[in-house]
Structures are given as structure tokens and as C-alpha cells.
Amino acid sequence: MPTVRANGKAIECEVGANLRRVLLDAGIALHNGNASIINCRSIGTCGTCAVQIEGEAGAVNAANWRDRARRSLPPHEPERDLRLACQTQVLSDIAVTKYDGFWGQGTEPVWTPAGAPDANV
Ligand code: FES
């Protein structure tokens, strides 16, 4: 079973599990602020579930057209190494970081695989 490391937790999930569902079911605040209320709930249109994923090649599915299309629009930047969690399938072990901003488009981590930045010291 793949392990997802996020915000200080190590969560085991099924191969092919939806990353947004894995994080929310583990009680991890995937959406920043009011985006936890105002989001598209996995349709792939709001872009607020954006995260950075680290792992070996093939650790998640290739970005699908919804993921690429939404991240090509502001405030996201298509060249940034983020993914939409709701469009991401977990295929093997990964580590996840969430950045600030309503859409998670910022540059300051809200949480990292190890936890909140203040907890990393
Ligand atoms: S929850 Fe809206 S794009 Fe992922």
C-alpha cells in the first residue's frame, strides 16, 4: 500500500486512491481558509486543492486535462510544480506540501510532509 506523508502524518491508502479524499479523510486541511467551504468538491474547476507532490517517477498518475487546464489559469502558473489533489491518483509513496493563498498558489508552506513549518525545527 502506498504511504502519503502530509502535515506530519503517514497515511496508508489503496493504489489508485484519490489524493484529495485521502488527505481529507485523514483530517488534513487540504483547502486554505474559506476554500474549505468554497471549492468544487473534486470537479477540477476551482483549483483550491493544489499541492506539491514529491515521489519517484510514476508515483502518481500523469496530470489529466482538467488538472493541466485549471493550473494553466491564474492565479496558478502552468510551469509551477503543483498538482490538483482531486485529479491525482496515488500509485506509490509520496510526500505532500501545501502552500498558502486561497488556491494554494503561494510560496510559503502551510504544511509540509513533516508538519507545520514551525513544527519542523
Ligand atoms: S477541489 Fe476544486 S479543483 Fe480540486
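Quick look at the structure, then. Keep in mind that what you see is a predicted model, and the values were worked out from it rather than measured. (Residues numbered from 1 in each chain as written. Predicted model: local features only at pLDDT ≥ 70, side-chain atom pairs only at ≥ 80, totals over all residues.)

**Notes on the overall build of the chain**
On a plain count of helices and strands, the chain comes out with two helices and eight strands. Helices and strands appear in the chain in the N-to-C order β-β-β-α-β-α-β-β-β-β. Expected size for 121 residues packed as a compact globule is a radius of gyration near 14 Å; at 13 Å, the chain falls within 12% of this value. Taken across its 121 residues, the chain has 33% of its residues classed as buried. Considering only contacts in the chain between residues 6 or more positions apart, those separated by 24 or more positions represent 59%. (Helix = DSSP H or I, 4+ residues; strand = E, 2+ residues; numbered from the N terminus. Rg over C-alpha atoms; globule rule 2.2 N^0.38 Å. Buried ≥ 20, exposed ≤ 12 C-beta atoms within 10 Å, placed from the backbone. Contact = placed C-beta atoms within 7 Å.)

**Re the environment of Lys-9**
By the secondary structure assignment, Lys-9 is in strand S2 (residues 9-12). Separated by 106 residues in sequence, Lys-9 and Gly-115 place their C-alpha atoms 7.6 Å apart. When neighbours within four sequence positions are excluded, Lys-9 is seen to be in contact with Ala-26 and Ile-28.

**Structural notes on unusual backbone geometry**
Residue Pro-75 follows Pro-74 across a cis peptide bond; omega there is 0°. One non-glycine residue, Ser-42, lies in positive phi territory at about 85°. Residue placement: Ser-42 occurs in the loop between helix H1 (19-25) and strand S4 (50-54).

**Some points on the pairing of S2**
Sheet topology places strand S1 (residues 3-6) next to S2; four bridges connect them, and they run antiparallel. Bridge pairing links Ala-6 to Lys-9 in S2. Connecting the antiparallel pair S1 and S2 is a turn made up of two residues, with Asn-7 showing a positive phi of about 50°. (Pairing = 2+ DSSP bridges.)

**Some details on the nonpolar core**
Counting 20 residues, the largest nonpolar core has Val-4, Val-22, Cys-49, Ala-85 and Val-90 as its most contacted members. Mapped onto this core, the elements with two or more residues apiece are S1, H1, S4 and strand S7 (94-99). (Core = buried A, V, L, I, M, F, W, Y, C linked by C-beta atoms within 7 Å.)

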